[in-house]
Amino acid sequence: MRVVERDGRADRDLVVAAQGGDRQALDELMAAYLPLVYNVVGRALDGHVDVDDVVQETLMRAVDRIGDLRDPTAFRAWVVAIAVRQVRDRWRRDQMQPPAAHGWGLEHAPDSADPGADFVDLTILQLELSGQRRETALATRWLEEGDRELLALWWLEAAGELDRAELAGALGIEPGHAAVRVQRLKARLEAARAVVRALGAAPRCAELSMVAARWDGRAAPSWRKQFARHVRECVACAACWQELVPAERLLVGSALVPVPALLAATWLRHALPSTAPSAQAAATKGVAAKGVAAKGRAANRLRHGSHGGKSGGLAAHVSAKLVAAVVAAAVAVGAGVVYAATSHQPQGSPSATAGAPGPVGDASAVASGSASASVSASASPSASASVSASASAKAAAPSASSLAAAGAGSKIRFMGKSTVMIGRISNDKPSVAAPFDAQYQYVVSPPAPSSSVYTAKSCPNGTNWWGCVWGGRGGLIPHMQARAAQATYKGQPYPQTMMWSWFVLPHLTPNATWQDEVKAVNRVDLLTRYLNDYRFFLQKIGTSHDMIDLEADFWGFARGIGDGKVPAQVTAAAPNDCGNQANTVAGLARCLVSMTHKYAPNATAGLHLTCWDWPGNEQKCAKYYVALGAKNADFLVGEVEAVDAGLNALPENGGHNTFWSDKKWTAQLAYWKTMAEATGKPIVVWQIPVGNMRQNNTPYHYQDDKVDWLFSHMDKVASAHVAALMFGQGSDKSTTIETDGGNLFRKTIAYRNSGGVALK
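Described below are features of the structure shown in this document. Just so we're clear, the structure is a prediction, and the values are computed from it rather than from any experiment. (Residues numbered from 1 in each chain as written. Predicted model: local features only at pLDDT ≥ 70, side-chain atom pairs only at ≥ 80, totals over all residues. Heavy atoms only, no water.)

## Some remarks on the overall build of the protein chain
Here is step 1: The secondary structure content of the protein chain amounts to 32 helices and 14 strands.
Here is step 2: Counting across all 760 residues of the protein chain, residues that qualify as buried make up 58%.
Here is step 3: Carbon and sulfur atoms provide 53% of the accessible area of the protein chain, an area that totals close to 29600 Å². (Helix = DSSP H or I, 4+ residues; strand = E, 2+ residues; numbered from the N terminus. Buried < 20%, exposed > 50% of the residue type's maximum accessible area, 1.4 Å probe, protein only. Areas by Shrake-Rupley, 256 points an atom, 1.4 Å probe, with all protein chains shown as cover.)

This is how it looks when you write it as structure tokens:
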């Protein structure tokens, strides 16, 4: 949806009001157009360190000169034209400096650019692109620098954010000339797409590899031309030109890439005068950001009013509203963000400060792209409010008070979703019959027999190590990631989030009892192998936005022997990664989470809830998981039953009644809510039996009532801060997704057709 109309007020009316001194109208214009300006500048500069500076310059000039705009109906084209002029000015200034000084582009000084601000990466990650959409985004790296401003505008035109007249007006040319330039750009982009496809082929064409022998691996126009020439003439590579969907069709419906929180936070931090109200000052303290030096030039301009007194005064008023209306509205979809609000914060409400968390809508609880934030009620430094400019930094879930305070008007997110996610086990046949949000896979085996296996050309004979599945040396991970990313629904891409159930500790020693399992972590040799294996696992995950469920049952076993202080040789087993952690089970839990965030920066890690005596002991369980370090994790994992109730009821299985009444569900949800609010983390419910009451209680067709109950009570589920429901067979002979008569498919489709249930 375009922003021409918002809340029934046309842009023209807002512009006229702003020109007449209506600061509320000015607020609304700046808040509404920041995402558009950020997308124009970001795509034109493609990851340059000065993207945020240029965006801020553009908005300040718009604020300063809005009175000069003669035709209020032309505001959109006018502000885009300002953005394009600012981009050109930045190009000219950079070209006057030595290449090493400005770090422009991939081909000159790639290390100088902030990778977290790279617009192609943001596009792929935030919009979860796959297939030809992903190829198209990557292909933009191969274009000439002179193409970038046109590409930025045409991309937004294809996405429905600009029309052709606005595109031409921004470039200062006639629409006919713009059409010619767009057509030439599309031809170069199509060639680049074929190059991306050819270079990514497995196996790659041998002759193409010879052409690329001197290539440094960086996308550059000169190499695009050489590779494209080969791909056109090579019989083996000819297929790379086939079935290329027109780029504009791939871009139709693409949403804007969300604005990084640090950009809007910089407005709040530096544009406010020293006499700003205390609530705004408190919010400023809550957005203490690393890397502010990179934004220093724009900050100084804002602070000292380099555009004149008019813009300096208006900026002070606009900035606070920008954070409430834009930071909260433009939330990162991935990059480790667990919960973030997209609702407007009520005017005059206090913002969060370190140690005093506020509503979920706080700027300090939002993270995107190159910035991240965390808010917690904990007094510990690691859980205090912070913002990091590192692209690999993790964003924690909101604090307990944030979870409790999130009202019906809030819109919070988990793994890019604003509604309760529906997932399934992954080892069934590829399911395309329902719009699942996620799938999960067990990782179960002893650790690798030795560290040499990680780099060996092949796996040892007879090994049962998880890493020897699907091609060896961790091939399982990219195989399943690709399967999740390439999922479809109704013939259209419907990428799913991958969740891993990491279940290796029970296999450290053969034939171990649960007591042996806990004692094993106090052996340096065993724990070293284990942490080496987990590090390798994380390295295979890489930059994917996966979820990791850490060690079902183990935390309950440790609690059974003692508590989080049970000894574990953490520092000796991983001195470089966890040398600062305690040599306890709690230190091990914190070590696993910190390793996750270090080696798989976009992945999230969750501690498995195994407080089996929780009825009546909810607060004790909460205290135990806080001591384990659950506030440093990204979510908690709850489970229901591993076996269908009908299978449990068989005499040979003990004749247990594991059907759940409303009373049982009410108590279970209350427990999960307590744990979520104590730690500030959402709940992922894992391994939910798939059976239903229409089954006949034969193998793979057993009765159960949990699927039907959950889908019938999704509001209650969300109110317990449950962010995802993961369904799947937990034991042999239990009902599967394929044998449940289509029940889970139908309910998932109906749930998605209804719009889902918002997270709370």
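## Overview of the nonpolar core
Soluble globular proteins tend to pack their nonpolar side chains together in the buried interior.
Here is step 1: Membership of the largest hydrophobic core comes to 113 residues, with the highest contact counts inside it found for Phe537 and Leu725.
Here is step 2: Looking at this core element by element, the count peaks at nine residues for helix α22 (residues 524-541).
Here is step 3: Once residues within four sequence positions are removed from consideration, Leu725 is found in contact with Val420, Met421, Ile422, Gly423, Val685, Ile688, Leu710, Met714 and Val717. (Core = buried A, V, L, I, M, F, W, Y, C linked by side-chain atoms within 4.5 Å. Contact = heavy atoms within 4.5 Å.)

## Re the packing of helix α8 (residues 131-139) against helix α11 (residues 175-199)
The relative placement of two packed helices comes down to the angle between their axes together with the axis-to-axis distance.
Here is step 1: For the pair α8 and α11, the least separation of the axes is 8 Å and the interaxial angle reads 110°. One finds that α8 runs roughly perpendicular with respect to α11. In this structure, α8 meets α11 at a crossing whose hand is right-handed. Within the contact between the two elements, α8 uses Gln132, Glu135, Thr136, Leu138 and Ala139 and α11 uses Leu189, Ala192, Arg193, Val196 and Arg197.
Here is step 2: Here the residues of the contact of α8 with α11 sort into five nonpolar, two polar and three charged. (Axes fitted to C-alpha atoms, helices over the stretch in contact; angles between N-to-C directions. Parallel < 35°, antiparallel > 145°, perpendicular 65-115°, else oblique. Left-handed = near helix turned anticlockwise from the far one by under 90°. Nonpolar A, V, L, I, M, F, W, Y, C, P; charged D, E, K, R; others polar.)

## Looking at the pattern of salt bridges
Here is step 1: As enumerated under the stated definition, the model contains 17 salt bridges in all.
Here is step 2: Here Arg523 and Asp525 are joined by a salt bridge, their closest N and O atoms 2.7 Å apart.
Here is step 3: Here Arg523 falls in the partly exposed class, since its relative accessible area comes to 42%.
Here is step 4: For Asp525, a relative accessible area of 41% corresponds to the partly exposed category. (Salt bridge = Lys/Arg side-chain N within 4 Å of Asp/Glu carboxyl O.)

## Overview of the pairing of strand β14 (residues 722-727)
Here is step 1: In terms of burial, β14 is largely enclosed, as six of its six residues are buried.
Here is step 2: Bridging between strand β5 (residues 421-425) and β14 involves four bridges; their strand directions are parallel. Paired with Gly423 across the strands is Met726, a residue of β14.
Here is step 3: Where strand β13 (residues 683-688) lies against β14, four bridges are found, and the strand directions are parallel. When the bridges of β14 are listed, Ile683 appears paired with Val722. (Pairing = 2+ DSSP bridges.)

## What about helix α29 (residues 662-679)?
Here is step 1: Taking 1.5 Å per residue as the helical rise, α29 with its 18 residues ought to reach 26 Å, and the 26 Å between its terminal C-alpha atoms agrees with that figure.
Here is step 2: Turning to α29, its buried residues are Trp665, Gln668, Leu669, Tyr671, Trp672, Met675, Ala676 and Thr679. Taken down its axis, α29 places every buried residue within 155° of arc, on the same side.
Here is step 3: Once α29 finishes, Gly680 follows within two positions and takes phi at roughly 75°, a positive value. (Expected span 1.5 Å × (residues − 1). Arc of directions from axis to C-beta.)

## Observations regarding the pairing of strand β11 (residues 604-608)
If a strand is regular, its side chains alternate between the two faces of the sheet.
Here is step 1: With five of its five residues buried, β11 lies for the most part within the structure.
Here is step 2: Judged from the four bridges that link them, strand β10 (residues 547-550) and β11 form a sheet pairing that is parallel. Directly across from Ile548, in β11, lies its bridge partner Ala605.
Here is step 3: Pairing analysis gives three bridges linking β11 to strand β12 (residues 635-639), with the strands arranged parallel. Note on β12: the bridge partner recorded for His608 is Val637.
Here is step 4: The parallel pair β11 and β12, bridged by helix α27 (residues 618-628), forms a crossover whose chirality is right-handed. (Right-handed = clockwise from strand over helix to strand, strands pointing away.)

## Let's talk about the sheet that holds β10
Here is step 1: Strand order in the closed barrel formed by eight strands is β5-β6-β9-β10-β11-β12-β13-β14, with parallel pairing between adjacent strands. If you compare each strand with its neighbour and ignore which way they point, the axes differ by 30° on average.
Here is step 2: With four bridges connecting them, strand β9 (residues 497-502) and β10 associate as parallel partners. Looking at the pairing, Trp500 lines up with Ile548 of β10.
Here is step 3: Running at roughly 145° to β9, helix α20 (residues 476-485) makes contact with β5, β6 (438-443) and β9 of the sheet.

## Re the state of the cysteines
Here is step 1: Taken as a whole, this structure holds one disulfide when the rule is applied.
Here is step 2: In this model Cys578 forms its disulfide with Cys591; the gap between the sulfur atoms is 2.0 Å. An S-S torsion of about 80° defines the bridge between Cys578 and Cys591 as right-handed. Of this pair, Cys578 sits in helix α25 (residues 575-578) while Cys591 sits in helix α26 (residues 585-599), placing them 13 residues apart in sequence. Assigned by exposure class, Cys578 and Cys591 land together as buried.
Here is step 3: Cys205 takes part in no disulfide bond, and the closest cysteine sulfur to it belongs to Cys237, at a distance of 3.8 Å.
Here is step 4: Residue classification places Cys205 among the buried positions, given a relative accessible area of 14%. (Disulfide = S-S within 2.5 Å.)

## Some remarks on the side chain of Gln581
Here is step 1: Along the chain, Gln581 turns up in the loop between α25 and α26.
Here is step 2: Under the relative-accessibility criterion, Gln581 is labelled buried at 17%.
Here is step 3: Look past the residues within four positions of Gln581 in its chain and what remains in contact with it is Val570, Thr571, Gly587, Arg590, Cys591 and Ser594.

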